[in-house]
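# Structural description and commentary
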Amino acid sequence: MTDAPVQKTYRIEDLAHQTRTTVRTVRAYLDRGLLPRPERQGRVNLYSEAHVTRLHQIAHLLDRGYTLASIKELLDAWDTGRGLGGVLGLVTEVDGPWTDERPDRITRAELDARFGGTPDEDAVAEAVELGVLERTDGDPDVFLVPSPQELSVAVELHEAGVPLPAIAGHLRELRGQVEHIAARFLQFTTEYVFARYLDDPDRRTDAHAAEAASLVRRLRPLSQQTVDAELARAMRALATRQLRTHLVAQSPGEELAGERSVSLPTGTIQAVERLVGQEHASEFIALAAEREVRARALDHLTSGALIYKELRKSP
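A brief look at the structure comes next. The shown structure was predicted, so the numbers you read here are calculated from the model rather than taken from an experiment.

## Some points on a nonpolar patch on the surface
Among the surface-exposed residues, V227, L231 and M235 lie close enough to one another that they form a single nonpolar patch of about 270 Å² accessible area. A relative accessible area of 36% means that V227 is categorised as partly exposed.

Shown next as structure tokens:
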């Protein structure tokens, strides 16, 4: 008969060293109820591997932006004899990258070269503020680029003649609208998909958390696919309307040379002659036709503006 393995224990100093934290932090977590009480042996408090695991879990959640208060709620809700493996997997799934795009690095010289070769400190500072660029520790001339694709779009727009301040302003406006779309999509999926996991205490198990994480993986690309399809539809509609408007609208002072005969019903001509006289009938018909063309052009412009406003309001 073999003896049961001896469970490893730690004094508080050893626990802090093992988990790369401090004694003060461990005691603060104990006071907040984030850690189970240690086992008392004589005058010494002994901590177990469960405390090591819990401290790693807390650090994992803190790295992802959770506050201690929210971590406490999370632990209380999920760690009632069921373990945290599933919920931590769900947290990792939600907090992980929502794109296949990989961050890149760029030097200041490369950055200046891509934007015309002239250094622009204000533009760099604004890009950092927007998160398009991130400074790196220890090297002020190297930047992290979270989204190389977003940076490439800025380069293309700048090469096409769009000033950098205008690009930054457009990004700020676009980001607010996209965040609104994301919030609406999240509200929609929470109401119809994830509410049963969040609101039902019986579903707060590792198995259900793993099931929810799987749903996140399945639903994650749907938001981008929906936005891509709707953006393509809207761009086609608006671009077509705008092109037709510019083709139909006549430039100021532009006149078409020559005359063309147009067949009109006899009754229409007679009605015009009775209204303005035979000598003014041709001029009246021409002016009426011109007014109708201009009215249609104004309708195109107005409807395009209304569609744009609706797109800004829509999720």
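## With respect to the nonpolar core
Among the nonpolar cores identified, the biggest contains 17 residues, and L15, V26 and L35 are the most heavily contacted of them. Mapped by element, the contributors of at least two residues to this core are α1 (12-18), α2 (23-32), α3 (49-63) and α4 (68-78). If you tally residues by element for this core, the top one is α3, at four residues. What V26 contacts, discounting residues up to four positions off in sequence, is I12, L15, A16, T21, L35 and L55.

## Comments concerning helix α7 (residues 121-130)
Along α7, the residues that are buried comprise V124, A127 and L130. Projection of α7 onto a plane perpendicular to its axis shows the buried side chains occupying an angular sector of 125°, all on one side. Facing away from the buried side of α7 by more than 90 degrees, the exposed set consists of E121, D122 and E129. Of the residues one or two after α7, G131 is the one with positive phi, at around 85°.

## Some remarks on unusual backbone geometry
One non-glycine residue, R20, lies in positive phi territory at about 55°. Considering the arrangement of structural elements, one finds R20 in the loop between α1 and α2. The exposure class of R20 is exposed, given its relative accessible area of 82%.

Rules used throughout
Every chain is numbered independently, its residues counted from 1 as its sequence is written. With the structure being a predicted model, the display of local features is reserved for residues of pLDDT at least 70 and the display and counting of side-chain atom pairs for 80 or more, all residues being used for whole-chain, interface and lining totals. To get the side-chain values, take all heavy atoms of the structure and skip hydrogens and water. Only residues whose relative accessible area exceeds 30% and that form no salt bridge enter a patch; like-charged residues are grouped when within 9 Å of one another, and nonpolar side chains (Val, Leu, Ile, Met, Phe, Trp, Tyr) when within 5 Å. To measure how exposed things are, a 1.4 Å probe is used in the Shrake-Rupley method; for residues, cover is taken only from the protein chains shown. The salt bridge definition used is simple: a Lys or Arg side-chain nitrogen within 4 Å of an Asp or Glu carboxyl oxygen. Note on exposure labels: buried denotes an accessible area under 20% of the residue type's maximum, exposed denotes more than 50%, and partly exposed covers the range between, all computed with a 1.4 Å probe on protein chains only. Side-chain atoms within 4.5 Å are what join buried Ala, Val, Leu, Ile, Met, Phe, Trp, Tyr and Cys residues into a set we call a nonpolar core. Segments assigned H or I by DSSP are reported as helices when at least four residues long, segments assigned E as strands when at least two residues long, and all are numbered from the N terminus. By the convention used here, residues are in contact when the closest approach between their heavy atoms is within 4.5 Å. Our arc is simply the arc of the directions from the helix axis toward the C-beta atoms.

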